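This is what each chain is made of:
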Amino acid sequence: MAKPQHATLESICNTIASYYPEAKLDLVKKAYAFADEAHRGQLRSSGEPYMIHPADVAQTLADLRLDLSSIVTGLLHDTVEDTHATLEQIEKEFGKDIAELVDGVTKLSQIAFKTSEEKQAENFRKMILAMAKDIRVILVKLSDRLNNMRTLEHLAPAKQQAIAQETLDIYAPIANRLGIGWLKMELEDLCLRYLHPDIYYKLRTQVAKTKKEREKYIDDVSQILLEELEKYDVRAQVVGRAKHFYSIYKKMDRRSSDFDQIFDLIAFRIIVDNITECYKALGVIHAVYKPVPGRFKDYIAIPKANGYQSLHTTVIGPNGERIEIQIRTQEMNQVAQGGIAAHWKYKEGRFDSRANENVAWVNRLLEWHKDLSDPNEFLETVKIDLFAEDVFVFTPTGEVKQLSHGATPLDFAYAVHTDVGNKCVGAKLNGKIVPLKHRLKSGDTVEIITSPTQTPSKDWLKIVKSSRAKAKIRAYIKTQERERADTLGREILDKALRPYSLTLAKMEKGSELLKAANTLRVKGLEELFILVGYGRITMDTLIPLLIPKEALERKIESAKAEDESFLKRVFKAAAKRSESKNAIKVAELEDVLIRFGRCCNPLPGDSIIGFITRGRGVTVHTATCTKALDNDPERRVDVRWNVADKGSIKRHVKIKVLSLDQPGLLALMSQTISSCGVNIASANIRTTKDKKAIAQFDVEVGDLTQLQKIVSALESKKGVITVERIRS
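We now turn to the structure provided with this report.

## Description of the packing of aromatic side chains
Two measures describe an aromatic ring pair: the distance that separates the ring centres and the angle between the ring planes. Applying the stated criterion to the full structure yields 6 aromatic pairs. Ring centres of Tyr-246 and Tyr-249 lie 5.9 Å apart, and the angle between their planes is 50 degrees; this geometry places the pair in the tilted category. Highlighted residues: Tyr-246 and Tyr-249, both in helix α14 (residues 245-255), separated by 3 residues, approximately one helical turn. For the pair shown, Tyr-246 and Tyr-249 are each scored as buried. Judged by centre distance (6.1 Å) and plane angle (70 degrees), the ring pair of Tyr-299 and Tyr-308 falls under edge-to-face. What makes Tyr-299 buried here is its relative accessible area of 17%.

## Points about the sheet that holds strand β23 (residues 720-726)
Reading across from one edge, β21-β22-β20-β23 is the order of the 4 strands in this open sheet, with antiparallel pairing throughout. Looking along the sheet, the strands with just one partner apiece sit at the ends: β21 (679-687) and β23. Within this sheet the neighbouring strands show an average axis-to-axis angle of 20 degrees, counted without direction. Pairing of strand β20 (residues 651-660) with strand β22 (residues 692-701), which is carried by 10 bridges, proceeds in the antiparallel orientation. When the sheet's bridge partners are listed, Arg-651 is paired in β22 with Val-701. Most of the contacts of helix α28 (residues 665-675) go to β22, to which it runs at about 20 degrees, and overall it touches β20, β21, β22 and β23. This element, helix α29 (residues 704-715), spans β20, β22 and β23 of the sheet and lies at about 160 degrees to β23.

## Section: the nonpolar core
Judged by nonpolar contacts, the single largest core of 75 residues is most densely connected at Ile-12, Ile-16, Val-28, Leu-76, Leu-142 and Met-149. If one sorts the elements of this core by residue count, helix α10 (residues 157-177) sits on top with 8 residues. Contacts of Ile-16, omitting those with residues within four sequence positions, involve Ala-23, Leu-25, Val-28, Ala-62, Leu-68 and Ile-71. In this structure, Tyr-217, Val-234, Ile-270 and Leu-311 belong to the second largest nonpolar core, which totals 24 residues.

## Looking at the side chain of Arg-725
If you trace the backbone, Arg-725 turns up in strand β23. Under the relative-accessibility criterion, Arg-725 is labelled buried at 14%. A distance of 2.8 Å separates a polar atom in the side chain of Arg-725 from a polar atom in the side chain of Asp-606. Apart from the residues within four sequence positions on either side, Arg-725 is in contact with Cys-600, Asn-601, Pro-602, Leu-603, Asp-606, Val-653, Lys-654, Ile-655, Leu-704 and Leu-707.

## Brief notes about the sheet that holds strand β16 (residues 608-613)
A sheet is described by the order of its strands in space; here 4 strands give the open sequence β15-β17-β16-β18, paired in mixed fashion. Each having just a single partner strand, β15 (594-596) and β18 (636-637) make up the two edges of the open sheet. The sheet contact formed by β16 and strand β17 (residues 617-622) spans 6 bridges and is antiparallel. Bridge pairing in β17 links Phe-611 to Thr-619.

## As for the pairing of β22
With 8 of its 10 residues buried, β22 lies for the most part within the structure. The loop that links β21 with its antiparallel partner β22 comprises 4 residues; one of these, Lys-691, has a positive phi angle of about 65 degrees.

## Quick notes on the pattern of salt bridges
Pairing of side chains with opposite charge becomes possible as their charged atoms draw close. Summed over all chains, the structure comprises 20 salt bridges. One salt bridge in this structure joins Asp-220 and Lys-216, with 3.0 Å as the shortest N-O distance. Here Asp-220 and its partner Lys-216 are both found in helix α13 (residues 211-231), 4 residues apart, which amounts to about one turn of the helix. By relative accessible area, Asp-220 is classed as partly exposed at 36%. Look at Lys-216 and you get exposed, because its relative accessible area is 53%. Residue Glu-481 is joined to Lys-458 by a salt bridge in which the shortest nitrogen-to-oxygen separation is 3.8 Å. Linking Glu-481 in helix α21 (residues 467-497) with Lys-458 in the loop between β13 (446-450) and α21, this pair joins segments that are 23 residues apart in sequence. Three or more residues are tied together by salt bridges with common partners; here these are Asp-36, Glu-37 and Arg-40.

Calculation rules
Residues numbered from 1 in each chain as written. Predicted model: local features only at pLDDT ≥ 70, side-chain atom pairs only at ≥ 80, totals over all residues. Heavy atoms only, no water. Phe/Tyr/Trp six-rings, centres within 6.5 Å; stacked < 30°, edge-to-face > 60°. Helix = DSSP H or I, 4+ residues; strand = E, 2+ residues; numbered from the N terminus. Buried < 20%, exposed > 50% of the residue type's maximum accessible area, 1.4 Å probe, protein only. Pairing = 2+ DSSP bridges. Axes fitted to C-alpha atoms, helices over the stretch in contact; angles between N-to-C directions. Contact = heavy atoms within 4.5 Å. Core = buried A, V, L, I, M, F, W, Y, C linked by side-chain atoms within 4.5 Å. Polar contact = N/O pair within 3.5 Å; in protein donor to acceptor, adjacent residues only side chain to side chain. Salt bridge = Lys/Arg side-chain N within 4 Å of Asp/Glu carboxyl O.

Dropping the structure here:
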């Protein structure tokens, strides 16, 4: 991938002048000087002066043809976070508008968070709030992330992978939602480079091998298309290109194919004068080349959620090769390239009114997540919304509902109203009864059947796709769990008070319980009972705050005379716990049983979270485990891997390898795993009808680094298509 040259003040100003000749560039020059002075002496990880970063960010914003405030924000975006400059200074020097943009982009660096995941989630929540107020915030953030991804090689491998994964999960989907196609594609290719380097470089080599033939093929087909269109008086531009690496990788993964079996690697774009010519051109193309059934999409009549419009068709081109053709107008092409930025009226400092619908999903995001206090749940559900393409379905009265791709009738029910979702027992699709897990398609008419006795269950979380539905179901389940914990907590405390001739009813009339709650920094008695019910507050902690010291001492003396076998039981239980306890450290709790969630099977090196369950100790999940999100945040405890014990305890993990079905490959894979110093506990392999093999290995690894080494080694082998870790 070619390394872009660094921007200069001159290049930024020249770009602005090319689309906004009347722009007063004094503000840009002033901001450049301010940032240069603020960052003086600071260096990037590459050893270069830090100022090259904000300059490159500003250049990207200028390339997007944005207004001066956005470009100035790009120059200043790191000054508040990384230098002695303050927001007050920014506002005084550059005005309130730019100060608010800089604040929206600035991370929450001054707040202490329990975990890095919580910090990441809250930073993203702040960014969502800021971009709902002013969409330019995310455009600056995307430009910032693009430059960071372009210079990622200077960071440690673990940091590279973490940033690349976050970019793939959040920033590339946002670029897609905003319709900025080139930015989304570059981010995805860069992510592939750091998350799957062997696949990336193998693809790059294979694509480079066919470059000359591909360029000739593109020239030949482009000429044929132009000649055929001219016969029917259709004036057009024809542009051909190879698809980007990440899209090829996804095709290989989706079709379970090797590179040599992916044929539609070339896409042609036909740009015409108006919509009528789009459909006329489509007719010409289908007359010349045979269309592939089921591969035609009309995004002009039904645009994508990000405003993208085009006709898509796949045809059998010269030499029997499949080629994808996109047909659009000049205006559609501008929107496809610049997305939301194509609607920016830089002279007036606002978006064209047509663009407002394209960012409605941001407000929907806020509306759907306003009740999510848990930052990790907020972040995970936001990812669902960002990735989703939309489908449009109808209520029985003809009202249109916009839902995520893959949505079910249960998602539709929650889109209508929370109570409709909670009471849903069935659905009719176009007049026929369908299961709640049925996938909806655009144009379906959905009618929901409800029952007053119905309530949500955890199984519903496996059915629904939309974050709104997931959030509402989780909220209901958590409310039920809290009510049960409240009842259990009262019973536990009442039982613990009886040996002291006290009851909970008596204690509630006095002030001791409230004082104990204040001492433990718990908000109110109800919260105290809930935390007791969850096991977060033990009787060993609470009783000494409620019972006079003399009464406690008398009880301790009498307890000494009881069954001596109690100590033996304690030591036996502690011995059982030792293996897991050595691997994990739990804050606030001592001598606690540790269990690992089978749903995600965490490894040392994974980011983890823990949940306490009465009678079952602490269950450890990966931070991104969806099942962990179903638990009440009140049950969460801070857990971390024991660095001193790293690698000493081997954990089983399953990996799935998709490959070509060829002799000797299984032996090669087994040898590759063994050469990484890893024992294979079991192996299972099956073949498919299309000459593929799927191998599943159960391996014993010490940590995430060792697993990544295995994955990388397997991906580099010829014949291997994809390698993935199985989470359950």
